[in-house]
Amino acid sequence: MKTNEAEIPGLRNYLNSSSSDAKVQDTDEHHFIGDLSEDAANRILWVLTFIVTPCISLLGIMGNVFSIIILKKHGLRNKCSNILLFSLAISDISYLIGFNSIGKMFYEFGRVKGFAMPYTNAYVMFVVYNICDVMDWAGGAVSFNLPVLITIERLVAVFLPLKFPLIITPKRTAFVVSCVYIFWYALVSYTRVWFRFAYSDHKNPFNISVGLVERSDLFFNQLHVSDVIQGLIINLCTTIPLPIVVVGCICIGVKVKITSLNRLKLKAASSTNKEGEKKSADMSRTTKTLLSVCSVYSVACLFTTLPQHLPQFMVYTLFTDNPNNTARVIYHVMNIVLCINSSCNFLIYVLTNKKFRDTQKEILQNCVCFKRKSV
């Protein structure tokens, strides 16, 4: 949410260039009667940044860590769905840590915009800022792509149950997930060369030295590359995944319902096959869990597309360096929705999967027994 080129918050402004009129919207078209005052917006943003978002993210990180422990206990070698959920938990943790970057807080909410500290400390914060920004954007992008893989895995499992073990294998799943991780982390890491550290001496009302994040000359020499990356971020994170997940979930839901009705008819007309029922129950439980994850994701993904439809009230800082104050606040609220999306998966697992609940209880009971023995 920067107001000038020397105060760029990160990848969200990578593709903006004050020298390219086609890529930056005029600030005036975003301002409207009834806009929040600068002071009111800053107060709201302070509460959201230092209280609301960290609380949600802390719970989310704890929940995702717990999910990783439980999924690891269930095994990753023989179950593709566990690999996908395990990977999703890691990317969610990356996003939550990166979005709550200490460097970003120092940069955006200090007495002045920038790192108001000695040169060495400011440069360290600049490095931390960059690392967290990569974790934020790459982790968020991976989190937006994995539900597509989850949906595809469930489509094959539901519509081709007999061929599923031959088509979707743990090795193939791990390979595809690794490719997604490598692609996004490599892409986002590369864009950091478009920024440089600058140390400004006493050029502010407080007459103090400040470390700034500025665009490097390489960025202006690679505007064509920024166009490509802009298209990749928008299309691969929102435009393409959302319809795939929504349509996939609907198809899976309809198929599962039809299969369930047919199974009830067969059960009433024939003797019970306990082994077959157990496999069917496991499949239904897994499908229910994954569908719940994808449904929550779809809502969050839909929310991130609102700036395209309501530019007066919501904007991507990707496309403008100077949004109005109301848009600044709503943009942060949009990111809170993404934090909730990355934080609620553990709760979904507990509510929809009995095996997950049982493992959770077992781990908690073991922890309590260990503490009692140590005392």
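Residues numbered from 1 in each chain as written. Predicted model: local features only at pLDDT ≥ 70, side-chain atom pairs only at ≥ 80, totals over all residues. Heavy atoms only, no water.

## Observations concerning the overall build of the chain
Step number 1: For the chain, the count of helices and strands is 14 helices and two strands.
Step number 2: The buried share of the chain, reckoned over its 375 residues, is 48%.
Step number 3: Within the chain, contacts between residues at least 6 apart in sequence are counted, and of these 79% link residues at least 24 apart.
Step number 4: Carbon and sulfur atoms make up 67% of the accessible area of the chain, which totals about 19100 Å². (Helix = DSSP H or I, 4+ residues; strand = E, 2+ residues; numbered from the N terminus. Buried < 20%, exposed > 50% of the residue type's maximum accessible area, 1.4 Å probe, protein only. Contact = heavy atoms within 4.5 Å. Areas by Shrake-Rupley, 256 points an atom, 1.4 Å probe, with all protein chains shown as cover.)

## Structural notes on the packing of aromatic side chains
Step number 1: This structure, assessed with the given rule, holds 20 aromatic pairs.
Step number 2: Between the aromatic rings of Phe-219 and Phe-220, the centroid separation amounts to 5.3 Å while the plane-to-plane angle is 80°, which identifies the pairing as edge-to-face.
Step number 3: Looking at Phe-219, the relative accessible area reads 0%, which means it is buried.
Step number 4: Note on Phe-220: relative accessible area 27%, which makes it partly exposed.
Step number 5: Look at Phe-346 and Phe-356: their rings are 5.8 Å apart centre to centre, the planes differ by 65°, and that puts the pair in the edge-to-face class. Of this pair, Phe-346 sits in helix 13 (residues 345-352) while Phe-356 sits in helix 14 (residues 354-374), and the two are 10 residues apart along the sequence.
Step number 6: Grouped by ring-pair contacts, the aromatic residues Tyr-119, Tyr-123, Phe-126, Phe-197 and Tyr-199 constitute a single cluster.
Step number 7: Above the plane of the ring of Phe-99 lies Lys-104, whose end atom (NZ or CZ) is 4.1 Å from the centre.
Step number 8: Its end group placed over the ring of Phe-219, Arg-215 keeps NZ or CZ at 4.4 Å from the ring centre. (Phe/Tyr/Trp six-rings, centres within 6.5 Å; stacked < 30°, edge-to-face > 60°. Lys NZ or Arg CZ within 6 Å of the ring centre and 35° of its normal.)

## Describing the packing of helix 4 (residues 119-159) against helix 6 (residues 170-191)
Step number 1: Put simply, helix 4 and helix 6 touch, their axes get as near as 9 Å, and they point 150° apart. Judged on the interaxial angle alone, helix 6 and helix 4 are roughly antiparallel. Taken as a pair, helix 4 and helix 6 cross one another with a handedness that is right-handed. Touching Asp-133, Val-134, Met-135, Trp-137, Ala-138, Gly-139, Ala-141, Val-142, Asn-145, Leu-146 and Leu-149 of helix 4 are Val-176, Val-177, Val-180, Tyr-181, Trp-184, Tyr-185, Val-188 and Ser-189, all from helix 6.
Step number 2: Looking at side-chain class alone, the contact of helix 4 with helix 6 contains 15 nonpolar, three polar and one charged residues. (Axes fitted to C-alpha atoms, helices over the stretch in contact; angles between N-to-C directions. Parallel < 35°, antiparallel > 145°, perpendicular 65-115°, else oblique. Left-handed = near helix turned anticlockwise from the far one by under 90°. Nonpolar A, V, L, I, M, F, W, Y, C, P; charged D, E, K, R; others polar.)

## Observations concerning empty space enclosed by the protein
Step number 1: One pass over the structure, following the stated rule, counts three cavities of 30 Å³ or more.
Step number 2: Computed from the structure, the second largest cavity encloses a volume of approximately 170 Å³.
Step number 3: The wall of the second largest cavity is formed by 15 residues, among which His-74, Lys-79, Asn-82, Thr-286 and Asn-353 lie closest to the centre.
Step number 4: By residue number, the principal contributor to the lining of the second largest cavity is helix 10 (residues 274-304), which donates five residues.
Step number 5: Taken together, the residues of the lining of the second largest cavity sort by class into five nonpolar, six polar and four charged. (1 Å grid on protein atoms, 1.4 Å probe; cavity = no way out; pocket = protein on both sides within 12 Å on 5 of 7 lines; lining within 4 Å. Points joined across faces, edges and corners; volume = space filled by probe spheres on them.)

## Some points on the environment of Lys-255
Step number 1: Mapped onto the secondary structure, Lys-255 falls in helix 9 (residues 241-269).
Step number 2: Distance in space between the C-alpha atoms of Lys-255 and Phe-159 is 7.6 Å, their sequence separation being 96 residues.
Step number 3: With near-sequence residues (within four places) excluded, Lys-255 lies in contact with Val-158 and Phe-159.

## Considerations on the confidence of the model for the chain
Step number 1: Mean pLDDT over the chain stands at 79; residues scoring 70 or higher make up 78%.
Step number 2: Per-element averaging of pLDDT across the chain places helix 11 (residues 306-309) at the bottom with 63 and helix 6 at the top with 95.
Step number 3: Counted against residues more than four places away or in other chains, residues 1-33, with its pLDDT under 50, gives 116 contacts. (pLDDT = per-residue confidence, 0-100.)

## Some thoughts on the pattern of salt bridges
Step number 1: All chains considered together, the criterion is met by six salt bridges.
Step number 2: Put simply, Lys-73 and Glu-362 hold a salt bridge, and the shortest N to O gap is 3.9 Å. Highlighted residues: Lys-73 in helix 1 (residues 38-74) and Glu-362 in helix 14, separated in sequence by 289 residues.
Step number 3: On the basis of relative accessibility, which here comes to 47%, the residue Lys-73 falls in the partly exposed class. (Salt bridge = Lys/Arg side-chain N within 4 Å of Asp/Glu carboxyl O.)

## Observations concerning helix 1
Step number 1: Helix length check: helix 1 (37 residues) gives 51 Å between terminal C-alpha atoms against 54 Å at 1.5 Å per residue, within 8%.
Step number 2: Of all the bends found along helix 1, the most pronounced is centred on Leu-48 and spans about 35°.
Step number 3: With its phi angle positive at about 105°, Gly-75 sits one or two positions after the end of helix 1. (Expected span 1.5 Å × (residues − 1). Bend = angle between axes of the 7 residues up to and from the residue.)

## A short note on the nonpolar core
Step number 1: Of all hydrophobic cores here, the largest spans 67 residues; its most connected members are Phe-115, Ile-150, Trp-184, Val-213 and Phe-356.
Step number 2: Among the elements that make up this core, the one with the highest residue count is helix 4 (14 residues).
Step number 3: Excluding residues that lie within four positions of it along the chain, Ile-150 makes contacts with Leu-84, Leu-85, Leu-88, Leu-290 and Cys-294. (Core = buried A, V, L, I, M, F, W, Y, C linked by side-chain atoms within 4.5 Å.)

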